[in-house]
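# Coordinates in review
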Amino acid sequence: MEVDVEDEGRYAGYTEVDIIHERFGKEVLFNKNGEWVLTSWEVHFSTLPEPVKNRINDTYPGQVDDDDVEYVEEATGCTYYLIDIENSKQDVKISADGQILN
């Protein structure tokens, strides 16, 4: 287990804890009050639901590597895939049904 404090970006000052859960390395983020904010872990593009793969392939053809995807669970109940698009400054949030959220 590794613990550090984020020093930049949207979650600056939040505590990140790296854990192993169900054989996956996961990052768990807590706010300054110690409340759980989100958990994320890497997934392979090939394991994504078909609607997500189809949306990515249609909208960003050839711009996603197999290891550029994370699954995110937020304390709000929101879950999504965070996709790193090559040559783009912003990651894309996509729901399991293929809807782009950002």
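Refer to the structure above for everything that follows.
Calculation notes
- Residues numbered from 1 in each chain as written.
- Predicted model: local features only at pLDDT ≥ 70, side-chain atom pairs only at ≥ 80, totals over all residues.
- Heavy atoms only, no water.
- Phe/Tyr/Trp six-rings, centres within 6.5 Å; stacked < 30°, edge-to-face > 60°.
- Helix = DSSP H or I, 4+ residues; strand = E, 2+ residues; numbered from the N terminus.
- Buried < 20%, exposed > 50% of the residue type's maximum accessible area, 1.4 Å probe, protein only.
- Lys NZ or Arg CZ within 6 Å of the ring centre and 35° of its normal.
- Salt bridge = Lys/Arg side-chain N within 4 Å of Asp/Glu carboxyl O.
- Core = buried A, V, L, I, M, F, W, Y, C linked by side-chain atoms within 4.5 Å.
- Contact = heavy atoms within 4.5 Å.
- Pairing = 2+ DSSP bridges.
- Axes fitted to C-alpha atoms, helices over the stretch in contact; angles between N-to-C directions.
- 1 Å grid on protein atoms, 1.4 Å probe; cavity = no way out; pocket = protein on both sides within 12 Å on 5 of 7 lines; lining within 4 Å.
- Points joined across faces, edges and corners; volume = space filled by probe spheres on them.
- Nonpolar A, V, L, I, M, F, W, Y, C, P; charged D, E, K, R; others polar.

### Considerations on the packing of aromatic side chains
In this structure the tally under the stated criterion is 2 aromatic pairs. Pairing Trp 41 with Tyr 71 gives two aromatic rings, centres 5.1 Å apart and planes at 55°, and the pair type is tilted. With Trp 41 in strand β4 (residues 36–43) and Tyr 71 in strand β5 (residues 69–74), the pair connects residues that are 30 residues apart, well separated along the chain. The class of Tyr 71 is buried, set by a relative accessible area of 16%. A cation over an aromatic ring shows up here: Lys 26 above the ring of Trp 41, its NZ or CZ 3.9 Å from the ring centre.

### Things to note about the pattern of salt bridges
Counted under the stated rule, the structure contains 1 salt bridge. Between Lys 53 and Glu 50 there is a salt bridge whose closest N-O contact spans 3.0 Å. With Lys 53 and Glu 50 both in helix α1 (residues 50–59) and 3 residues apart, the pair spans about one turn of that helix. In this structure Lys 53 comes out as buried when scored by relative accessible area, which is 15%.

### Concerning the nonpolar core
Membership of the largest hydrophobic core comes to 14 residues, with the highest contact counts inside it found for Val 43, Leu 48, Ile 56, Val 64, Val 69, Tyr 81 and Ile 83. Those elements that provide at least two residues to this core are β4, α1, β5, β6 (79–83) and β7 (92–94). With residues near it in sequence (within four places) discarded, Ile 83 still touches Leu 48, Ile 56, Val 64, Asp 68, Val 69, Asp 91, Val 92 and Ile 94. The next biggest cluster of nonpolar side chains, apart from the first, holds 6 residues, and it includes Leu 29, Val 37, Val 72 and Tyr 80.

### A short note on the sheet that holds strand β1 (residues 2–5)
Overall, antiparallel pairing links the 7 strands, which are arranged β1-β2-β3-β4-β5-β6-β7 in an open sheet. Looking at which strands have only one partner, the edges of the open sheet turn out to be β1 and β7. The mean angle between the axes of side-by-side strands here comes to 25°, regardless of whether they run parallel or antiparallel.

### Regarding the layout of surface pockets
As a volume, the largest pocket reaches approximately 480 Å³. Every residue lining the largest pocket is counted, 18 residues in all, and those nearest its centre are Tyr 11, Leu 29, Leu 38, Glu 70 and Leu 82. When residues of the lining of the largest pocket are traced back to their parent elements, those giving at least two are β3 (24–30), β4, β5 and β6. When residues of the lining of the largest pocket are assigned to their parent elements, the largest contribution, 3 residues, is made by β3. Class assignment of the residues belonging to the lining of the largest pocket gives a composition of 7 nonpolar, 3 polar and 8 charged.

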